[in-house]
Each structure stands twice: as structure tokens, then as C-alpha cells.
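# Coordinate analysis (summary)
The chain contents come next:
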Amino acid sequence: MIYKLSFAIALCFSLCFDLSIAESYVLDDKIGLGRTFDGIGGLSGGGATSRLLVNYAEPYRSQILDYLFKPNFGASLQILKVEIGGDAQTTDGTEPSHMHYENDENFFRGYEWWLMREAKKRNPNITLIGLPWAFPGWVGHGKNWPYDFPDITASYVVSWILGAEQYHDLNIDYVGVCIQFNFVHCLLRYTLDKSGLERVRIIASDNLWQPITYSLCVDQELADAVDVIGAHYPGTTTVIEALKTQKKLWSSEDYSTFNDEVGGGCWARILNQNYVNGLMTATISWNLVASYYEDLPFGRDGLMTAEEPWTGNYVVESPIWITAHTTQFSQPGWTYLQTVGHLVHGGSYVALTDSKGNLTVVIETMTHDHSVCIRPPLLPFNVTAQNVTFQLKGSFASIKELQVWQSKFDFKTKKPFFFKKLSPLKVNIYDGSFTLSLDVDEVYTLTTISTGQKGTYPDPPASGPFPKVYFDDFNVGKSNPSFSEAPDFADQTGVFEYYINLTDPGPHVFTLRQVVTQMPVTWATDADQTISVIGDYKWQNLTVMCDVFMETVKTGGVFIAVRVDKGGQSVRSAKGVFFWVFADGSYKVTNDLVGKTVLAEGLSGTRAYGWHTLTLTVEGEYATGLLNGYPLWKNAVVLGPKNGWAAIGTHSFELAQFDNFAVEVK
């Protein structure tokens, strides 16, 4: 009896858990097709996430761009979404507006124009999207709200789209507005049409599923205006009302996760399951490339890392190759099959076709702990090794062979590999089936497309710290520079641009100027002071020197700083050592950006419209300051922070100039 019971248990165990028993799945287009695939993309901005990329020397900058955009090479991205700069802090820095003031237009500020041109150069079919995260202060008429005068806001956004076309030959395909108010989208549609931009489509609300989806169901004018419902970090799910609208559903901002292997696993899981669970036909990564100082918020939350223009080092992270599993073998306009879904023992699969005989299947088996994204929380689930059999039916029944690409996140032996081409897989000629043995934490692509390629370049230079001796006289401004910002400076509040000072016949003709004179409209928290950081966050003992020029009589003020410990959304609470001089003839040394913790103060004799040279030295717990080469104060006691960036800035949103910036680290 015991023998019979043991045999029965063993038999059951064998039948239930024997991996040789394969679960079966059908891939069939005869029963109809699913939704149209719109692409996978990256997001530059929200904010200043590509800031350091532009400062890379060739050939490294072009190599990075190839890994991102070049078809059949790396990520082969199909969508590029950029920030419409608003002069405001929007996560990791500020991006300049094309209209600092109401009567001002300049479509050559910043680097997003350049980035879009480079993407188009590599992939002429790439979809371009613009979205404002913030607005210059004049749009809000003194309020931190841009929609009291929606006609002004709509005209501001449309002017950016027109400028892209007129000055850069860039046709923007979609525009988003992060707002739930129906009248804003309708007015934007009207303004676009009136400007001859009927082809430009609107994404709403480019934030949350609700309440915009409910409004689309009850407001026909709004439904006519909006083309895509875009949600941020949807957790692979949507809402019933969104499905009822029959609109395109996009994850218009997603990922935002540290780009190690767990981050790559997050990306693999959501690329498939955004469609399997939520019928989302496009997924866009925030961010495109982690090209900002890593100690700013959300460091390395990009598809790849390029944060050292001073060495040329960059890292092609796993999300690049996970993206390639889809983008190199299916294009926008292809269609998902209805036969997609979850695997019995965990993981998911999607299948796409061009309706011309081609088929691409992407399978992922990411486990819970190896695919956690930064948001939203991920509920528990199980994935185990399994055998799977797929049967090709309908127009796919005649397929005889499939190309195979594999990525394996190996968290046990720490020997992963990504986007490896395997031998072609023969399809059973009798029943159109094929079987795979899947381990956990893998991604497979099986496809009729034979053009896939794992692009490669020679290794970039080795990683290294920011130079300990640094100098910039900003004289590149005299040679019509390609970008409006000085290399390596990362504006955190305000905008610092190259400037030609025609009123100065002396050595300060070409300078760096802070140009924002009004608090911008933003969802983040700008400081009341402007500040741009530079250098190595680990810097402790150093000297910073800079020539400064105030343009506001009596109330103006500027500073240089060291050991600045915060930026991005936390910039208001930044601490460090700040050496200020003011146009009323005084100076102050503070331990914080807001200027409340005073270490020293007194008279300086400084005035507006005159150049002054500030020198700040910090060593250990003591700081000393020079004005025009002469000691002004010394041995101020600094208890913290112990390290941080160097910085320049102004006392308020005011015009001021900087020249001959120098750093020497001890």
C-alpha cells in the first residue's frame, strides 16, 4: 500500500513538473489581428538628462548616437520624445526656452534641436514628440500656473513646433500637454490647425489615465482633438474607460530605473507586458541616455550611460540590447497578433506581423526580484524554467525557419550575455510547431527578419574623474558655438548662456550670462536663486575663481560656491560654501543656497556694472575668500557638507555675467 502510494506521488510529481512536458501556444492571424504597434522610444528631458552628451568629442558622441538611433545596430529607437524647454528645473536640471520673454524667439538654444536632427539623420522614419514640463514665467502672468490664459500657452507650444520645422527641417509628429482640462486640448487642436499643423497629433494627458479617459467618453469635441491617451508609469495596466475610447494607448513615460541588470529586467518585462496586460502600443523610456551628473536625482536611469565627456567613456547598458529584441525585428505600422499573453509558468510573449508574411515573437521570463522598476510597486509573482511549444497557423503556417536572438540575465554566475544570435530554428514541417526550453530571466526573439545586428565599436576610453584643474574663458562664444550652454555646467535653476558683451571693449567680451529674470512656471521646486553646478561630487578641498558682473543696481548679487551637495528637485535645500557679493557693497558667506546660515559677512565695496574677481578656497573645516586678489575674509568654519560640486549663480532671477571660471582641486 505504501509502495503504491509512493509510486502514485512520484508519478504525479513527474507529470506535473517534468520540464520535458511543454505547454502549447498558438500564433494565428486567421482569427484577426490586435492593435497597431507604434514603437519603442526614449525621452530626452524632464529635465536636462542629455546635458553632458553634447560635450563628448568625436568619435564617441557619434558612437553613442548610433547605439541609440541607428537602425539594425543597437537600440534602433523608433520614437524620440524631447522636452520643450521652459527655463525651469524639471528633475535633473533646467532646459532653455525658445522664448525667455514674450517678445523673444530663438530656436537655437539648448540641445534638443540638435538631438532630433541627429536621430533623424540616422533614422528618417523616427517619430518625434514634444512635451512642455514647464513654462517661462511670462506664460503664467506671475502665477505658477500656465492655463489661466490658455490661448497664450497654446500659441507658445505651437511656436516651438513651427520653429522646429522652419529652422531645423524637423516635423514634430505628436505634442503632449500634461493637463486634464478639456478646453486646453481643444484649444491646442484649434491653434495647431489654424497654423497649418493638422498633421500634428495630440497626446493627452501625458500623465494619468484618469480623469482624461472619462472625459473622452463624454466629450465629443475633446475626443476629436485627442489622438493618443498617454500614461506615465502605468505598471503595465490600463483602465476600462481608456479601452472604450478606442484611442491609441501609450506608456508615454516609463522605466526611470537604475540601468543595472535589474533595470534591464524591468525594461524587458514592461516592453512585453505593457501590451499583454494594457494594450499599450508604444513605450517610452525616461530617460534616453543617462548623460547628467550621477549624483543628481535618478542617476543612471537611462537606456545607456554617457556621463563623462571629459574622458569619452560611455557604457552600453543592458536596456539597449533588450530594446533591440523588439525594434530590430518589428517596425511602427506592424500589428500585434491577438494571440499574445502570459506563459503558464511565468513570463510573457508577444507576436507581431507586417501582414506581408513576416513574423516576430518576443518572449521574456523575468522573475520578480530581477525585474523591479522604480515605480509603481510590483506585486509578487512566480516564474520557473519551462518548455514551450508554439504552433504557427494562418498565414504563418508556411514558415520553415526562424532567426533566434537571446539575452540571459545570469544573476547566479554573474556572466550574462545580451542580444546573442543563435542558430536558426527549424519549424516542424508537419504541424508548424517549434519548442523552446526557457530558463528564468531570459529574453528571446524568434523572427523571419534576417537583418538584425549587434553593432559594436572599439572600447571607449577608460572611466576617470573630472579634471582637477579646469578653466573656461567662454571665448568659444566668439566662434558661433553649436550649443548655447558652456561645457560641463549643469544649470539647476535659471539658464546660463554664452553671451557677447558688446558694451565691454576689454577682456570680457565673451561671457556666460544668467538670463532668466522671472520665476518660471513649473511642477518642480525651483530655488529662489539661480545656480549652475560643475565638476566632481567627491571634491572636498579646492579653490574656485571666477570674474563676476552684476547687472542689477543695489539689489543684485552673485556667488561662487564649493561642496554643493544637492541639485535637481532638491536644489532649494542645497548646502555648501557660498561666497556672495552684492551690488549694495556687501558680501556674505553662507552654508546654504538660501543664505540663512551665515558664516561671515561684511562690506566689500562691490557694485553693479563693474567686473570683480572672486576666489574661494576650502580646505578641511576652513574657508577663505579673496576679492580682486586681496583677502576679504578668512578661516570661516565649515562643518559640512564634506564634499560636493563647484557652482556659480545669482541672488535672484536677475541678469549677471561670469567669465574666466577656474578650479584647482588639492
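In this text the structure is predicted, and so the values were computed from the model without any measurement.

Attention shifts here to the overall build of the protein chain. Helix and strand counts for the protein chain come out as 10 helices and 38 strands. Computed over the C-alpha atoms, the radius of gyration of the protein chain is 28 Å, within 12% of the 26 Å expected from 2.2 N^0.38 for a compact globule of 666 residues. Expressed as lengths along the three principal axes of its C-alpha atoms, the size of the protein chain is roughly 100 × 60 × 45 Å. In the protein chain, of all internal contacts separated by at least 6 residues, the share reaching a separation of at least 24 is 72%. Put simply, the protein chain has 49 plus and 70 minus side-chain charges, and the middle of one group is 4 Å from the middle of the other.

Right, let's talk about the packing of helix α2 (residues 60-69) against helix α3 (residues 112-122) for a bit. As a packed pair, α2 and α3 sit with axes 10 Å apart at the nearest point and diverge in direction by 65°. In the crossing of α2 with α3, the sense of the turn from one axis to the other is right-handed. Taken together, the residues of α3 that come into contact with α2 (itself represented by Arg61, Ser62, Leu65, Asp66 and Phe69) are Trp114, Leu115, Glu118, Ala119 and Arg122. Here the contact of α2 with α3 is built from residues that sort into five nonpolar, one polar and four charged.

Here we come to helix α9 (residues 261-278). Compared with an ideal rise of 1.5 Å per residue, which puts 18 residues at 26 Å, α9 spans 24 Å between its outermost C-alpha atoms and is within 8% of the ideal. Along α9, the sharpest kink reaches roughly 35°, centred on Asn272. The buried fraction of α9 amounts to 15 of the 18 residues, a majority that puts the element mostly inside the structure. The residue sitting at the N-terminus of α9 and contributing the capping side-chain oxygen is Asp260; that oxygen lies 3.2 Å from the backbone nitrogen of Val262. Downstream of α9 by a residue or two, Leu279 has a phi angle that is positive, lying close to 55°.

Now for the state of the cysteines. In the structure shown here, the tally under the stated rule is one disulfide. Linked covalently through their sulfurs, Cys266 and Cys373 form a disulfide whose S-S length is 2.0 Å. Of note, the bridge from Cys266 to Cys373 carries an S-S torsion of about 100° and is right-handed in sense. Placement of the pair is Cys266 in helix α9 and Cys373 in the loop between β17 (359-364) and β18 (386-393), with a sequence separation of 107 residues.

By the secondary structure assignment, Glu95 is in the loop between β4 (79-83) and α3. Judged by relative accessible area, Glu95 falls into the buried class, the value being 3%. Once the C-alpha coordinates of Glu95 and Ala134 are considered, the two residues, 39 residues apart in sequence, prove to be 9.4 Å apart. Setting aside chain neighbours within four positions, we find Glu95 in contact with Gly45, Gly46, Gly47, Ala48, Thr49, Glu83, Gly85, Gly86, Asp87, Ala88, Tyr111 and Glu112.

Right, let's get into the packing of helix α4 (residues 150-168) against helix α5 (residues 182-194). Close contact between α4 and α5 brings their axes to 9 Å; oriented N to C, the two are set at 45°. It follows from the interaxial angle that α4 and α5 lie oblique. Viewed along their axes, α4 and α5 form a crossing whose handedness is right-handed. In this structure, α4 uses Pro150, Asp151, Ala154, Ser155, Val157, Val158 and Ile161 to contact α5, whose residues at the interface are Phe183, Leu187, Leu188, Thr191 and Leu192.

Across the protein chain, pLDDT averages 95, with 96% of residues at or above 70. For residues 1-17, every residue scores under 50 in pLDDT, and the model assigns this stretch three contacts once sequence neighbours within four places are set aside.

The subject of this paragraph is the UniProt feature "domain: Glycosyl hydrolase family 59 central" (unreviewed entry) in the protein chain. Using the residue numbers shown here, the UniProt feature "domain: Glycosyl hydrolase family 59 central" (unreviewed entry) corresponds to residues 336-453. The distance from the first to the last C-alpha atom of residues 336-453 is 23 Å, and the span holds 0% helix and 46% strand.

Here we come to the sheet that holds strand β21 (residues 433-438). Strand order across the open sheet formed by three strands is β1-β18-β21, with mixed pairing between neighbours. A single partner strand is all that each edge strand has here, and the edge strands are β1 (23-28) and β21. Within this sheet the neighbouring strands show an average axis-to-axis angle of 25°, counted without direction. As paired elements, β1 and β18 share six bridges and run parallel to each other. Residue pairing for β18: Leu27 is matched across the bridge by Leu392.

Further remarks concern the pairing of strand β9 (residues 228-232). Where burial is concerned, most of β9 is hidden: five out of the five residues are buried. Of the two faces of β9, the one lined by Val228, Gly230 and His232 and the one lined by Ile229 and Ala231 are each fully buried. The pairing of strand β8 (residues 201-207) with β9 spans three bridges and is classified as parallel. Note on β9: the bridge partner recorded for Asn207 is Ala231. The pairing of β9 with strand β10 (residues 248-255) spans five bridges and is classified as parallel. Among the inter-strand pairings, Val228 is bridged to a residue of β10, identified as Lys248.

It is worth spelling out the side chain of Thr91 at this point. Positionally, Thr91 belongs in the loop between β4 and α3. Exposure remark for Thr91: the relative accessible area of 6% places this residue in the buried category. At 2.8 Å, the side chain of Thr91 and the backbone oxygen of Gly46 are in polar contact. Leave out the neighbours within four places in its chain, and Thr91 touches Gly46, Gly47, Trp286, Pro297, Phe298, Trp523, Gly568 and Gln569.

A word on the nonpolar core. In this structure, Leu68, Phe69, Leu80, Met116, Ile161, Leu188 and Leu192 are the most contacted members of the largest nonpolar core, which totals 99 residues. Of the residues forming this core, the biggest block, eight residues, is contributed by α4. In contact with Leu68, not counting residues within four places along its chain, are Ala75, Ser76, Leu77, Leu288, Val289, Met304 and Ile320. With 75 residues, the next largest nonpolar core counts Leu43, Leu52, Tyr233 and Ala527 among its residues.

The alternating pattern of strand β23 (residues 469-472) places Tyr470 and Asp472 on a buried face, while none of Val469 and Phe471, on the opposite face, is buried. With four bridges connecting them, β23 and strand β38 (residues 656-665) associate as antiparallel partners. From the neighbouring strand, Asp472 faces β38, where its bridge partner is Phe661.

Glancing now at the packing of aromatic side chains. Per the counting criterion, the structure on display carries 46 aromatic pairs. Taking 5.8 Å as the distance between ring centres and 80° as the angle between the ring planes, the aromatic pair formed by Phe108 and Tyr167 counts as edge-to-face. In this pair, Phe108 sits in the loop between β4 and α3 while Tyr167 sits in helix α4, placing the two residues 59 residues apart along the sequence. We classify Phe108 as partly exposed; its relative accessible area is 48%. Relative to Phe298, the ring of Trp286 has its centre 5.7 Å away and its plane inclined at 85°; by these criteria the two rings are edge-to-face. Placement of the pair is Trp286 in strand β11 (residues 282-286) and Phe298 in the loop between β11 and β12 (305-308), with a sequence separation of 12 residues. Among the residues examined, Trp286 registers a relative accessible area of 3% and is labelled buried. Between Arg513 and the ring centre of Tyr499, over which it is positioned, the NZ or CZ distance is 4.2 Å.

What counts and how
- Residues numbered from 1 in each chain as written.
- Predicted model: local features only at pLDDT ≥ 70, side-chain atom pairs only at ≥ 80, totals over all residues.
- Heavy atoms only, no water.
- Helix = DSSP H or I, 4+ residues; strand = E, 2+ residues; numbered from the N terminus.
- Rg over C-alpha atoms; globule rule 2.2 N^0.38 Å.
- Contact = heavy atoms within 4.5 Å.
- Lys, Arg positive; Asp, Glu negative; His and termini not counted.
- Charge placed at Lys NZ, Arg CZ, Asp CG, Glu CD.
- Axes fitted to C-alpha atoms, helices over the stretch in contact; angles between N-to-C directions.
- Left-handed = near helix turned anticlockwise from the far one by under 90°.
- Nonpolar A, V, L, I, M, F, W, Y, C, P; charged D, E, K, R; others polar.
- Expected span 1.5 Å × (residues − 1).
- Bend = angle between axes of the 7 residues up to and from the residue.
- Buried < 20%, exposed > 50% of the residue type's maximum accessible area, 1.4 Å probe, protein only.
- Polar contact = N/O pair within 3.5 Å; in protein donor to acceptor, adjacent residues only side chain to side chain.
- Disulfide = S-S within 2.5 Å.
- Parallel < 35°, antiparallel > 145°, perpendicular 65-115°, else oblique.
- pLDDT = per-residue confidence, 0-100.
- UniProt positions renumbered as here; feature names shortened; annotations may be inferred.
- Pairing = 2+ DSSP bridges.
- Core = buried A, V, L, I, M, F, W, Y, C linked by side-chain atoms within 4.5 Å.
- Phe/Tyr/Trp six-rings, centres within 6.5 Å; stacked < 30°, edge-to-face > 60°.
- Lys NZ or Arg CZ within 6 Å of the ring centre and 35° of its normal.

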